[in-house]
Amino acid sequence: MEKKIFIPIIAVIFSLVLLSLFGRQSDEQDSVLLFPGLEDTLEDLNLISIQSAKSESQISIQKEKSGWIVLEADGYPADLNKLSGFLRELSQLKVLERKTKKEENHSRLGVSESLGSPSRLLTLEPGNFSLIIGKDSGENSSFVKVKGNPQVYLTENIFDFEARADFWIDPVIVDIDPVQVQRIDISAPQREPLTIFREGDSGEFVLSEQPANSKLRYETILDGMARMLVNLRLIGVDKRTEVVLKDATETRFLLDSGEALIIKTQRIDGRHFLFFASDEKKRNWRYEISESSFQDLNKEMEDLLLSEGDTN
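Owing to the predicted nature of the structure, the values given are computational and were not obtained by experimental measurement. Residue positions within a chain follow its written sequence, with the count starting from 1. In keeping with the model being predicted, local features are shown solely for residues with a pLDDT of at least 70 and side-chain atom pairs are shown and tallied solely at 80 or more, while totals for entire chains, interfaces and linings include all residues. Here the side-chain values reflect all heavy atoms present in the structure, with hydrogen atoms and water set aside.

### Quick word on the overall build of the chain
Cut-off, in case you're wondering: Put simply, DSSP marks the helices as runs of H or I at least four residues long and the strands as runs of E at least two long, and each gets a number from the N terminus on. Here the term buried applies to any residue with accessible area under 20% of the maximum for its type, exposed to any over 50%, and partly exposed to those in between, with areas from a 1.4 Å probe on protein chains only. Two residues form a contact once any of their heavy atoms are found within 4.5 Å. The accessible surface values rely on the Shrake-Rupley method and a 1.4 Å probe; as for residues, cover is taken only from the protein chains in view.
If you tally the helices and strands in the chain, you get 7 helices and 19 strands. For the chain, with 312 residues in total, the buried portion stands at 37%. Restricting the contact set of the chain to residue pairs at least 6 apart, pairs at least 24 apart contribute 59%. Of the roughly 18,900 Å² of accessible surface on the chain, 48% is carried by carbon and sulfur atoms.

Below, the structure is given as structure tokens:
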């Protein structure tokens, strides 16, 4: 009787041990990184290249003394948040499963090194990190292959990225706290100038030369003008060593530090462009901005005041 009871107990214990071992092996397999040494070398990277055979485009992001720049965007600064997040996810990319080594299967998985392949090639320098990224498996995973190695892996889904310059550049042109703005002057040809400034005692914005008996459209409209420099973003950018402007609007911001930030804006062929006249680092760039940002920088007196018939 004791032997009959003892045998099932041993069987249960043995089963639990096996389950524990297989579970541990599964966990270890899940934690295998595609590039186990990448995280330790991230600080040493100086060039990231992305080549897309499908769009026949290439992007090179290079580390300079001033920071990371996008070469195909005339050396414009890269979006550091996007770049660091991408590299961090890449360094933690886990291998889910080993797949084929047969080169005749590479085209089907999108990881072929032959011409015409739809794959993307990601190269990090220095170091031996060159990754061919193929098709998604449809289950939050991707087929990848290290260049020169026939082994294909199924990994976690690769962070979405593109071989386009505008995908990697820093979209924020300038970001200044409204409390730093002391005065705004807007002037343009054939238009009355507009000035708002902070009153000394109250610190509230006042509209200069406001017509008698007129009212502001709403109480905080002048405070809103000081927010024009908060997270001002671009649509596109290119380098212009010589910029000749005709009929541009000049918007001048006087900051509490005493610095004057001078911005010029102009509509050209239905697009809206911004130029810096006062910032040495930014004055050789032509920024394309949204229509709403353009309108903010081109405010007129009538935009701030209630018109006849308004009940606000």
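On we go from here.
### Points about the pairing of strand S3 (residues 67-70)
Basically, it comes down to this: Any two strands are treated as partners once DSSP identifies two or more bridges connecting them.
Across 4 bridges, the pairing between strand S2 (residues 57-64) and S3 is antiparallel. The residue bridging glutamine 62 from the neighbouring strand is isoleucine 69, located in S3. Where S2 hands over to S3, the hairpin turn is made up of 2 residues, counted between the paired strands. By the bridge criterion, 2 bridges tie S3 to strand S4 (residues 76-77) in an arrangement that is antiparallel.

### Things to note about the sheet that holds strand S5 (residues 95-98)
Selection rule: Between N-to-C directions, angles span 0 to 180 degrees; the directions come from axes that are lines fitted to C-alpha atoms, helices contributing only their stretch in contact.
Overall, antiparallel pairing links the 9 strands, which are arranged S4-S3-S2-S1-S6-S7-S8-S9-S5 in an open sheet. Of all strands in the sheet, those with a lone pairing partner are S4 and S5, marking the two edges. Of the pairings in the sheet, the one linking strand S8 (residues 141-146) to strand S9 (residues 152-156) comprises 5 bridges and is antiparallel in character. Directly across from serine 141, in S9, lies its bridge partner glutamate 156. Against the sheet, helix H2 (residues 80-91) touches strand S1 (47-52), S2, S3, strand S6 (120-125) and strand S7 (129-136), its axis set at about 95° to S6.

### Describing the confidence of the model for the chain
Put simply, the rule reads: Looking at any residue, its pLDDT shows the predictor's confidence there, from 0 to 100.
Taken residue by residue, the chain gives an average pLDDT of 84. The fraction at 70 or more is 84%. The low-confidence segment residues 10-30 (pLDDT under 50) makes 4 contacts with residues lying over four places distant or belonging to another chain.

### Regarding H2
The criterion, for reference: Given the number of residues in a helix, its expected span is that number minus one, multiplied by 1.5 Å. Side-chain atoms alone can form a polar contact between residues adjacent in sequence; in general such a contact is a pair of N or O atoms within 3.5 Å, and within protein one must be able to donate a hydrogen while the other accepts it.
Over its 12 residues, H2 extends 16 Å from the first C-alpha to the last, a length consistent with the 16 Å expected when each residue adds 1.5 Å. For H2, the set of buried residues is Leu83, Gly85, Phe86, Leu87, Leu90 and Ser91. Its buried side turned inward, H2 meets S1, S2, S3, S6, S7 and helix H4 (165-168). Its side-chain oxygen 3.2 Å from the backbone nitrogen of asparagine 81, aspartate 79 forms the N-cap of H2.

### With respect to the sheet that holds strand S13 (residues 205-207)
Reading across the sheet, the 8 strands line up as S13-S12-S11-S16-S17-S18-S19-S15 and stay open at both edges, with antiparallel pairing between neighbours. Edge positions in the open sheet fall to S13 and strand S15 (236-239), since each of these has one partner strand only. On average, each strand axis in the sheet is inclined to that of its neighbour by 20°, with strand direction left out of account. Pairing geometry for strand S16 (residues 249-255) and strand S17 (residues 260-268), over 6 bridges, is antiparallel. Bridge pairing in S17 places glutamate 250 opposite lysine 264.

### Considering a negative patch on the surface
Test applied: Here a patch means residues that are over 30% exposed by relative accessible area and free of salt bridges, tied together within 9 Å if like-charged and within 5 Å if nonpolar (Val, Leu, Ile, Met, Phe, Trp, Tyr). A pairing counts as a salt bridge when a side-chain nitrogen of Lys or Arg comes within 4 Å of a carboxyl oxygen of Asp or Glu. All tallies of charge rest on Lys and Arg as positive and Asp and Glu as negative; His and the ends of each chain are not included. Lys charges are placed at NZ, Arg charges at CZ, Asp charges at CG and Glu charges at CD.
Negative charge collects at one region of the surface, where Glu199, Asp201, Glu204, Glu219 and Asp223 lie side by side. Positionally, glutamate 219 belongs in the loop between S13 and helix H5 (221-225).

### Overview of the pairing of S9
Burial of S9 is extensive: 4 of the 5 residues sit out of reach of the surface. Pairing of S5 with S9 involves 3 bridges; the strand directions are antiparallel. What sits directly across from valine 95, in S9, is threonine 155. Here S8 folds back onto S9 in antiparallel fashion, the turn holding 5 residues, of which glycine 148 has a positive phi close to 90°.

### Considerations on unusual backbone geometry
Proline 126 follows glutamate 125 through a cis peptide bond whose omega is -5°. Even without being a glycine, glutamate 209 presents a positive backbone phi close to 60°. For glutamate 209, the position within the fold is in the loop between S13 and H5.

### What to know about the side chain of threonine 100
As for its placement among the helices and strands, threonine 100 is situated in the loop between S5 and helix H3 (106-109). Among the polar contacts listed, one links the side chain of threonine 100 to the side chain of asparagine 105, at a separation of 3.3 Å.

### Examining the side chain of histidine 106
Its location among the elements puts histidine 106 in helix H3. Exposure remark for histidine 106: the relative accessible area of 5% places this residue in the buried category. A distance of 2.9 Å separates the side chain of histidine 106 from the backbone oxygen of proline 150, its partner in a polar contact. Excluding residues that lie within four positions of it along the chain, histidine 106 makes contacts with Thr100, Lys101, Val111, Ser112, Lys145, Pro150 and Val152.

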